[in-house]
Amino acid sequence: MKKTYLLLPVALVALSGCAIHSSLEVSSGDTSKSSSSSVVERDVNWISPVGAPALAFYDQGANQNWTSTSATTSIPANFKTDTYDAIVFDGVNGLKQIHNAGEDSSYVLAMWLTGGNFHLVSTKHTAEEVPTADSTFLSFNEGSLPDSVFKKLAADHWGWDITFTSGQNITYVDGTSTVSSTLAASPDAYDYYFIAEPSLTSAKSKLNGTTVNEIYDLRAQWKEFADQDAIPQAGLFVHKDHYDSDKAGFDAWLEHIRDNVKTTYADGTEAATAINAYSSDATEQSARFGFNATLVGNLQASGKNRFGLTSGEEIDNASFVNEFYKKLTDVTEDTFEASLFL
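Every value quoted in this text rests on a predicted model; they were computed, and no experiment measured them.

Considering the overall build of the protein
Now for step 1: Helix and strand counts for the protein stand at 11 helices and 10 strands.
Now for step 2: Counting every position in the protein, which comprises 342 residues, the buried fraction comes to 54%.
Now for step 3: Of the roughly 14700 Å² that the protein leaves accessible, carbon and sulfur atoms contribute 47%.

And the structure:
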């Protein structure tokens, strides 16, 4: 049978009071993190990017089994090794990678952690104004999933009569943090900035009162366009053989992470407390997580969910991403087969 290869975009995207080890001890009298009735342990060794996905691990700051990194482009190579029990990565591109590896792939997608924290903003224009062919945009990671969603909505939902040409009306930089620093330093340099949280709030804090108008929240706009509650963003992948060797222990760990997501989706108080328990130094917090506890408390307060977490509820992971991909690319058949999912 001929193998179909999915093309990967060049650019990629892109957490209780005390920090706990990922070995979970759960008894019938402890209902805070698991419904299991027996003691289960699993020392999961995993890697994730800093930033929004790291919020799912808010109580794991002191856990040496967790590698958090700002070098996102270094993560995909780990799909070809047995180094980690779990990998957090751009879910769609991770699925493409393991699809292309075929029988050589060792990983499957277990859950979605983030579902869209992208925003289009401007200091020069309001939401009522329609961009024109002369409008200028600063964005990040050309060809990435956020870039593709932005362009799809611009053409098919917002009805913009604009052809985006890199280096002309749209300029790309390597990552949303660079968009943030440019917005903070030169807020009027571009008509529009395409950016993600918490980088947007970071930029606002340095603008000394300059008004930043939110033109679109892309997650809300995708809901209007595609009737999906989220955009498949960061995914948690697990090593199949490692999972099979200790299914009960791994499931307890996954349930713990899912509970973290549910808790922080609703409110950021618990996560902020845990991050402060890890370190009282905001710089150390940022180095570990990619953000500090104050940002979490503010951006996740009372269900605002500006970090863009998924709800944490269990869903059909395959159907979710396949329906998304059909809307994004206009394909009619499922792209990601069932074997790519836990």
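The structure having been displayed, the exposition proceeds.
Examining the layout of surface pockets
Now for step 1: Roughly 560 Å³ of internal volume is contained in the second largest pocket.
Now for step 2: In terms of lining, the second largest pocket is formed by 23 residues, of which the most central are Arg258, Gly312, Glu313, Glu314 and Ile315.
Now for step 3: Here the element with the most residues in the lining of the second largest pocket is helix α7 (residues 247-266); it accounts for eight residues.
Now for step 4: Its residues placed into classes, the lining of the second largest pocket shows 10 nonpolar, four polar and nine charged.

A word on helix α2 (residues 145-156)
Now for step 1: Look at α2: 16 Å from first C-alpha to last across 12 residues, which is about the 16 Å you get at 1.5 Å a residue.
Now for step 2: Those residues of α2 that fall on the buried side of the exposure criterion are Leu145, Pro146, Asp147, Val149, Phe150, Lys152, Leu153 and Ala154.

Some remarks on the pairing of strand β1 (residues 46-49)
Consecutive residues of a regular strand have side chains that alternate between opposite faces of the sheet.
Now for step 1: What you see with β1 is no split at all: Trp46 and Ser48 on one side and Ile47 and Pro49 on the other are buried throughout.
Now for step 2: The sheet contact formed by β1 and strand β2 (residues 66-69) spans four bridges and is parallel. When the bridges of β2 are listed, tryptophan 46 appears paired with tryptophan 66.
Now for step 3: Pairing geometry for β1 and strand β3 (residues 86-90), over two bridges, is parallel. Bridging across to β3, isoleucine 47 finds its partner in isoleucine 87.

Here we look at the pattern of salt bridges
Now for step 1: This structure, assessed with the given rule, holds 13 salt bridges.
Now for step 2: Linking lysine 152 and aspartate 156 is a salt bridge whose minimum nitrogen-to-oxygen distance equals 2.7 Å. Of this pair, lysine 152 and aspartate 156 are both found in helix α2, four residues apart, which corresponds to roughly one turn of the helix.
Now for step 3: Where lysine 326 meets aspartate 334, a salt bridge forms, and the shortest distance between an N and an O atom there is 3.0 Å.
Now for step 4: One network of salt bridges, in which partners are shared, links Arg42, Asp85 and Asp246.

Conventions used here
Residues numbered from 1 in each chain as written. Predicted model: local features only at pLDDT ≥ 70, side-chain atom pairs only at ≥ 80, totals over all residues. Heavy atoms only, no water. Helix = DSSP H or I, 4+ residues; strand = E, 2+ residues; numbered from the N terminus. Buried < 20%, exposed > 50% of the residue type's maximum accessible area, 1.4 Å probe, protein only. Areas by Shrake-Rupley, 256 points an atom, 1.4 Å probe, with all protein chains shown as cover. 1 Å grid on protein atoms, 1.4 Å probe; cavity = no way out; pocket = protein on both sides within 12 Å on 5 of 7 lines; lining within 4 Å. Points joined across faces, edges and corners; volume = space filled by probe spheres on them. Nonpolar A, V, L, I, M, F, W, Y, C, P; charged D, E, K, R; others polar. Expected span 1.5 Å × (residues − 1). Pairing = 2+ DSSP bridges. Salt bridge = Lys/Arg side-chain N within 4 Å of Asp/Glu carboxyl O.

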